[in-house]
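Remarks on the overall topology
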Amino acid sequence: MCRKGLSLLMFLVLVGTYCFGVTHMEYSTYLGGSTTDAGSLVAVDSVGDIYITGYTNSIDLPVSVGAYSSSTTGGTDMFVAKLYSSGTALAFFTYIGGNGEDFPSGLAFDSFGNVYIAGRTSSTNFPTTVGAYTTSLAGGTDSFITKINATGTDLLYSTYLGGNVFDQINGLAVDADGNAYVVGYTASSNFPVVSSSYKPVSGGGQDGFITKVNTTGTALLYSTYMGGSGTDFITAVAINTSGNVFVTGYTDSSNFPTTLGAYSTVKVGNNDIFITKLNHEGTALVYSTLLGGTGNDKAVTIDVDDLENAYVAGYTASSDFPITAGAYATHLMGGLDFIVAKMNSTGSALEYSTYLGGKGNDVVCSIAVDSSRNAFITGYTYSSNFPMINSYQTLAGSADAFLTKIDSSGNLIFSTLVGGSGADISTGVALDLEGNAYITGYTYSTNYPTTAGAYSLSNKGGANVTADAFITKFGNSTMVPVELSEFMITE
């Protein structure tokens with residue numbers, strides 16, 4: 001906070017510098033029932049309404065009138081909810097699931113307000129729709145893609161996607177036409193592919209996959225394996241306005257596909273990160289590069305800006321991870337740290353790359369980039385010295401959620417913790433058109449910070465102290481030039 005009555009020395013230090021706006025909480029609410037509920041992903045539309053999906057074991061969640069499903073169907077089910085922009089009421093809330101375990105890992109919406117979710121299921125009766133691409137479980141665990149109407153009352157389509165072994169979607173994106181892009185990894189040698197796609201045959205071991213589904217969920221527009229002869233995980237996806245697909249993940253394959261002129265074409269450690277751009281037709285690589293040090297490096301999230309720079313974040317155990325000059329942190333702090341890196345539009349050079357974390361374990365889960373090319377990163381930390389700038393609070397429990405903002409050059413703008421006396425885990429971040437940030441996850445705290453008038457002010461697990469989902473909105477913090485007239489010189 002800026003203060004009047006500063007010393008002459010402090011006055012001289014401040015001249016020509018800036019005073020940062022304080023990170024502030026617009027609203028914060030619990031969302032849950034009497035047992036375990038966890039938020040997984042969050043999205044926000046043009047009017048500030050919030051979409052959230054997660055998983056639950058509660059039978060008493062606040063289902064809306066006319067919702068697609070008003071009760072659980074066994075095992076762990078998913079939920080999909082829409083919260084009005086005020087944070088005070090739900091527009092809709094519905095369960096989705098079958099008789100097995102159902103977990104979401106992708107969330108998006110289209111211009112009509114229809115909601116798309118994707119994930120994995122072991123349910124033999126996961127809800128599917130007539131004419132969907134696949135209506136039966138092919139292996140022990142398959143992926144699914146489901147499109148829900150804007151009122152949460154019906155399924156527009158719902159389909160399985162998988163082969164005869166194990167298949168998991170890790171990311172979802174939707175283009176302006178309503179086509180869905182899903183990515184993940186598969187151990188199935190018969191994962192559904194389209195023969196004209198980039199790589200219709202598995203490279204061996206476990207491969208990643210990239211699949212584009214048409215607007216009605218009835219056909220695959222393309223579907224390809226992605227990987228080498230070892231184990232390959234695609235963990236996240238982003239698309240640009242041209243329909244090019246950007247994916248990231250990690251690989252232990254010595255022959256993971258790379259392209260001429262890429263930043264790195266040789267695997268350095270046991271697991272290296274990869275960043276790959278696939279063309280609009282799904283037939284060829286635009287670029288593909290590796291990124292890593294001599295330890296284990298794993299990317300978990302990706303986003304793309306208007307100039308097609310790719311932003312990735314993930315874990316590292318490498319003390320020699322490629323870090324750029326002037327980076328915020330140039331060495332590991334200890335425990336489990338993470339990295340944030342910005343790759344240029346051709347995949348040939350790093351715009352910035354930095355370590356981020358404290359002396360304890362720090363886990364990154366999600367990244368989102370705004371129109372000014374600032375990157376917002378969320379996750380959770382066990383570090384009492386996690387980097388904080390204009391922080392809403394300090395570490396309050398065993399683990400707290402964090403939200404960190406990095407500008408287009410790799411400088412920290414703000415970094416805040418949020419949580420109560422229990423463990424607080426943030427798993428997803430989304431941005432609105434004004435640069436406000438929304439995070440979701442789950443909390444074991446009975447005193448997680450909430451705001452007056454928010455939808456729910458208490459953990460419904462009560463004395464059982466089970467996890468509830470949360471949604472928290474932080475207002476956009478900006479740098480404000482210091483007005484010299486605000487200060488007076490004192491001795």
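Overview of the structure.

Attention now moves to the pattern of salt bridges. Here the structure, examined in full by the defined rule, presents 3 salt bridges. Salt-bridge contacts for Lys-277 lead to Glu-308; the nearest nitrogen and oxygen are separated by 2.5 Å. Within this pair, whereas Lys-277 is found in strand 18 (residues 272-278), its partner Glu-308 is found in the loop between strand 20 (297-304) and strand 21 (310-316), the two being separated by 31 residues in sequence. Its relative accessible area of 7% is what places Lys-277 among the buried residues. The salt bridge partner of Arg-373 is Asp-306, with a shortest N-O separation of 2.8 Å. Highlighted residues: Arg-373 in the loop between strand 24 (362-369) and strand 25 (375-381) and Asp-306 in the loop between strand 20 and strand 21, separated in sequence by 67 residues.

Moving on to the pairing of strand 4 (residues 37-44). Strand 4 sits mainly inside the fold: 7 of its 8 residues count as buried. The pairing of strand 4 with strand 5 (residues 50-56) spans 7 bridges and is classified as antiparallel. What sits directly across from Ala-43, in strand 5, is Tyr-51. Linking two consecutive strands that pair antiparallel, namely strand 4 and strand 5, is a turn of 5 residues; a positive phi of about 90° is found at Gly-48 within it.

To continue, consider the nonpolar core. With 19 residues, the main nonpolar core has Ile-273, Ile-275, Leu-291 and Ile-302 as its most contacted residues. Counting residues per element, the ones that place at least two in this core are strand 16 (232-239), strand 18, strand 19 (285-291), strand 20, strand 21, strand 22 (337-343) and strand 23 (350-356). Once residues within four sequence positions are removed from consideration, Ile-273 is found in contact with Thr-248, Gly-249, Tyr-250, Thr-289, Leu-290, Leu-291, Asp-297, Lys-298, Ala-299, Phe-321 and Ile-339.

The next point concerns unusual backbone geometry. Backbone geometry places Arg-373, a non-glycine residue, at a positive phi of 70°. Although it is not a glycine, Asn-390 adopts a positive phi angle of roughly 55°. Here Asn-390 is to be found in the loop between strand 25 and strand 26 (400-406). The class for Asn-390 is partly exposed, based on a relative accessible area of 26%.

What follows concerns the sheet that holds strand 8 (residues 102-109). Sheet architecture is open: 4 strands sit in the order 8-9-10-11, paired in antiparallel fashion. Two strands bound the open sheet, and with one partner strand each, they are strand 8 and strand 11 (155-161). Going across the sheet, the axis of each strand differs from the next one's by a mean of 15°, ignoring polarity. Relative to strand 10 (residues 142-148), strand 9 (residues 115-121) is paired through 7 bridges, and the arrangement is antiparallel. Counterpart to Ile-117 in the pairing with strand 10 is Thr-146.

Take the sheet that holds strand 17 (residues 245-251) next. Hydrogen bonds between backbone atoms are what pair the strands of a sheet, whose relative direction is either parallel or antiparallel. Spatially, the 4 strands line up as an open sheet ordered 16-17-18-19, and their pairing is antiparallel. Where the open sheet ends on each side, the last strands, each with one partner, are strand 16 and strand 19. Mean inter-strand twist for the sheet, computed between neighbouring axes without regard to direction, equals 20°. Bridge count between strand 18 and strand 19: 6 bridges; the pairing is antiparallel. Within the sheet, the bridge partner assigned to Ile-273 lies in strand 19 and is Leu-291.

Procedures and definitions
Residues numbered from 1 in each chain as written. Predicted model: local features only at pLDDT ≥ 70, side-chain atom pairs only at ≥ 80, totals over all residues. Heavy atoms only, no water. Salt bridge = Lys/Arg side-chain N within 4 Å of Asp/Glu carboxyl O. Helix = DSSP H or I, 4+ residues; strand = E, 2+ residues; numbered from the N terminus. Buried < 20%, exposed > 50% of the residue type's maximum accessible area, 1.4 Å probe, protein only. Pairing = 2+ DSSP bridges. Core = buried A, V, L, I, M, F, W, Y, C linked by side-chain atoms within 4.5 Å. Contact = heavy atoms within 4.5 Å. Axes fitted to C-alpha atoms, helices over the stretch in contact; angles between N-to-C directions.

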